[in-house]
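Below, each chain spelled out in residue letters.
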Amino acid sequence: MLRLSGIQHFVFCPRQWALIHLEQAWIDNNLTMEGSLLHDRVDNPATRETNGSDIITLRGFRLVSENLGLSGIADAVEIKPFRSAPKGKAALLRSKLYSAMPVEYKRGRRKISDCDRIQTAAQAMILEEILGISIDTAAIFYWQERHREYINISTKLREDVRYISSMMHQIDSTHIIPSAEKKSACRSCSMVDLCMPDISRKSADKYLKESLTE
């Protein structure tokens, strides 16, 4: 099993994903630390909310997919019984007369890239596999906007999830780290100094000797 959260990293940058998930390398910056603190507030699995409605919000929901070879945790899953659904949790789950929608929490704003949407679509696909129901909608809550983006779990998103997960497993099997490619997005990446260290003022031999003796 590979980590479900890695899909977002892989879409953002395959090299970043490989450094984090294969090399076990990680460097925090203010953006990643803020994101971790915000997730601590929503990932408590003991929390069960109804918010005065019939929707039950499950937090820290464990996800495992044999089909995709991915595992992780959904920030939140909203369960809404249909009108004809029986009362009681056990009877409700047996009946499958309910809808389920994963809700992913992100610290920033909506992105042009589909990285957040693909990660959330993967959560929906895994929930379908676990629960045996169809899911056509998911949501992403952006803290800076204080707003949800609802996404349709389209055929295109599903194909992207399957393709990316297969690429992740392929690179994992070879353990060959993708080459660096400098892009504008590198400025916001906490891994940039580790990924592409500035050695312009010293030889590669000197840089390696200094790094290995620290």
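See the structure printed just above.
Residues numbered from 1 in each chain as written. Predicted model: local features only at pLDDT ≥ 70, side-chain atom pairs only at ≥ 80, totals over all residues. Heavy atoms only, no water.

Undergrad: Give me the lowdown on the pairing of strand E3 (residues 56-65), citing residues and values where you can.
TA: Across nine bridges, E3 lies against strand E4 (residues 70-81) in antiparallel orientation. Within the sheet, the bridge partner assigned to Leu58 lies in E4 and is Val77. Between the end of E3 and the start of E4, which pair antiparallel, lie four residues, with Gly69 showing a positive phi angle near 70 degrees. (Pairing = 2+ DSSP bridges. Helix = DSSP H or I, 4+ residues; strand = E, 2+ residues; numbered from the N terminus.)

Undergrad: Talk me through unusual backbone geometry; I want residue IDs and the actual numbers.
TA: The backbone of Lys96 sits at a positive phi, close to 60 degrees, despite the residue not being glycine. By the element assignment, Lys96 lies in the loop between helix H4 (89-95) and strand E5 (98-106). A relative accessible area of 39% places Lys96 in the partly exposed class. The residue Arg146 is not glycine, and still its phi comes out positive at about 50 degrees. Mapped onto the elements, Arg146 comes out in the loop between strand E6 (137-142) and strand E7 (147-152). (Buried < 20%, exposed > 50% of the residue type's maximum accessible area, 1.4 Å probe, protein only.)

Undergrad: Go over the packing of helix H5 (residues 115-131) against helix H6 (residues 155-174) with me, naming the residues and quoting the values.
TA: Two numbers describe how H5 lies on H6: the axes approach to 9 Å, and their chain directions differ by 90 degrees. Of the possible angle classes, the one that applies to H5 and H6 is roughly perpendicular. Contacts between H5 and H6 involve Arg117, Ile118, Ala121, Ala122, Met125 and Glu128 from the first element and Leu157, Arg158, Asp160, Val161, Arg162 and Ile164 from the second. Looking at the contact of H5 with H6, its residues break down into seven nonpolar, no polar and five charged. (Axes fitted to C-alpha atoms, helices over the stretch in contact; angles between N-to-C directions. Parallel < 35°, antiparallel > 145°, perpendicular 65-115°, else oblique. Contact = heavy atoms within 4.5 Å. Nonpolar A, V, L, I, M, F, W, Y, C, P; charged D, E, K, R; others polar.)

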